[in-house]
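What follows is the residue order along each chain.
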Amino acid sequence: RHGRQALDSYAATQGSATMAELAQAIHAQAAAQVQAALRTLPRGIFAFADSLDDDGCGHADVALRATFFVQDGALSIDLRDSADQTMGPLNCTPPVALAVVREALRRRLVRRQPDACTEFWPQNEGLLAPVTLRLRPGSLLAPLPGAPLALGCDETAARLFDVIDGGLSQIDPAHAQAAGAGTRGAIYVCA
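These notes cover the structure that comes with them. (Residues numbered from 1 in each chain as written. Predicted model: local features only at pLDDT ≥ 70, side-chain atom pairs only at ≥ 80, totals over all residues. Heavy atoms only, no water.)

## A word on the overall build of the protein chain
Helix and strand counts for the protein chain come out as 4 helices and 4 strands. Scanning the protein chain from its N terminus toward the C terminus, one meets helices and strands in the order α-α-β-β-β-α-β-α. Within the span of the protein chain, comprising 191 residues, buried residues form 41% of the whole. For the protein chain, the share of sequence-separated contacts (at least 6 apart) that also reach a separation of at least 24 residues comes to 71%. Accessible surface for the protein chain amounts to roughly 10400 Å². Of this, 56% is attributable to carbon and sulfur atoms. (Helix = DSSP H or I, 4+ residues; strand = E, 2+ residues; numbered from the N terminus. Buried < 20%, exposed > 50% of the residue type's maximum accessible area, 1.4 Å probe, protein only. Contact = heavy atoms within 4.5 Å. Areas by Shrake-Rupley, 256 points an atom, 1.4 Å probe, with all protein chains shown as cover.)

Shown next as structure tokens:
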């Protein structure tokens, strides 16, 4: 419903625009909103780290480390210092890492806007246009083929969200929030 409202709104202002043109406009809007919000952040280098308890295969204190570089409406997040891929199923693919970064950034920047409840913030890849994400092949967040992956990447994605949000809290302490509880339970029933 939210997406339909946004497309209808754009369609009304764009006249005879095609769906492809509308999609490009929404992508550009997201990129412009994020870039404008990033320009309001203090410039500098910030870091945050946390870890997963263990991978279930003997590797404890599996680190997630992020370094943030903020400058002129751009943000670079370097996750290359995170732990190597694990033997246990904690590894997370780069698309999942990107999705976590996009959502953490969107939530943070929307909280900073006084009219966030009324302003439309598209949830698309335009949010990452002014963002550079650095991952290291063979790491927990960019494992090599054959590495065991987390079921839905739940544990690793949740902790990565906390690391990204923790770093953003250092950059923008006025909009900090508490970290997650650390895990969630799930029951799978096979019939």
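So that's the structure; there's more coming.
## Comments concerning the sheet that holds strand β2 (residues 60-71)
The mixed open sheet is built from 4 strands, whose spatial order is β1-β2-β3-β4. Pairing within the sheet leaves two strands with one partner each, and these edge strands are β1 (44-54) and β4 (131-134). Neighbour-to-neighbour, the strand axes of the sheet open up by a mean angle of 15 degrees, direction not taken into account. Contacts from helix α4 (residues 154-171) reach β1, β2 and β3 (74-78) within the one sheet, and its direction differs from that of β1 by about 155 degrees. (Pairing = 2+ DSSP bridges. Axes fitted to C-alpha atoms, helices over the stretch in contact; angles between N-to-C directions.)

## Things to note about helix α2 (residues 19-39)
The α-helix winds at 3.6 residues per turn, so residues separated by three or four positions along the chain end up facing the same way. Its 21 residues give α2 an end-to-end C-alpha distance of 30 Å, which sits within 8% of 30 Å, the value for a rise of 1.5 Å per residue. If you check which residues of α2 are buried, you get Leu-22, Ile-26, Gln-29, Ala-30, Ala-31, Gln-33, Val-34, Ala-37 and Leu-38. (Expected span 1.5 Å × (residues − 1).)

## Details of unusual backbone geometry
Phi angles above zero are rare outside glycine, and Asp-61 is one such case at about 55 degrees. Tracing the chain through its elements places Asp-61 in strand β2. We classify Asp-61 as exposed; its relative accessible area is 55%. Unusually for a residue other than glycine, Asp-72 sits at a positive phi of about 50 degrees. According to the relative accessible area criterion, Asp-72 is exposed, its value standing at 52%.

## With respect to the side chain of Asn-124
Mapping Asn-124 onto the fold places it in the loop between α3 (94-112) and β4. Here the side chain of Asn-124 touches Ile-26 through a polar contact of 3.5 Å, landing on its backbone oxygen. There is a polar contact of 2.7 Å between the side chain of Asn-124 and the backbone nitrogen of Gly-126. In this view, Asn-124 contacts Ile-26, His-27, Ala-30 and Arg-102; residues no more than four positions away in its chain are not counted. (Polar contact = N/O pair within 3.5 Å; in protein donor to acceptor, adjacent residues only side chain to side chain.)

## Description of the environment of Arg-159
With respect to the secondary-structure elements, Arg-159 resides in helix α4. For Arg-159, a relative accessible area of 12% gives the class buried. Placed 107 residues apart in sequence, Arg-159 and Leu-52 show a C-alpha to C-alpha distance of 7.2 Å.

## Remarks on the pattern of salt bridges
Scanning all chains against the criterion turns up 9 salt bridges. Across the pair Asp-84 and Arg-136 runs a salt bridge whose closest N-O atoms are separated by 2.9 Å. Of this pair, Asp-84 sits in the loop between β3 and α3 while Arg-136 sits in the loop between β4 and α4; the two residues are 52 residues apart in sequence, bridging distant segments of the chain. Given a relative accessible area of 25%, Arg-136 falls into the partly exposed group. Salt-bridge contacts for Glu-103 lead to Arg-107; the nearest nitrogen and oxygen are separated by 2.7 Å. Linking Glu-103 with Arg-107, this pair stays in helix α3, spanning 4 residues, or about one helical turn. Classification of Arg-107 by relative accessible area gives partly exposed; the value is 41%. Among the charged side chains, a salt-bridge network with shared partners connects Glu-103, Arg-106 and Arg-107. (Salt bridge = Lys/Arg side-chain N within 4 Å of Asp/Glu carboxyl O.)

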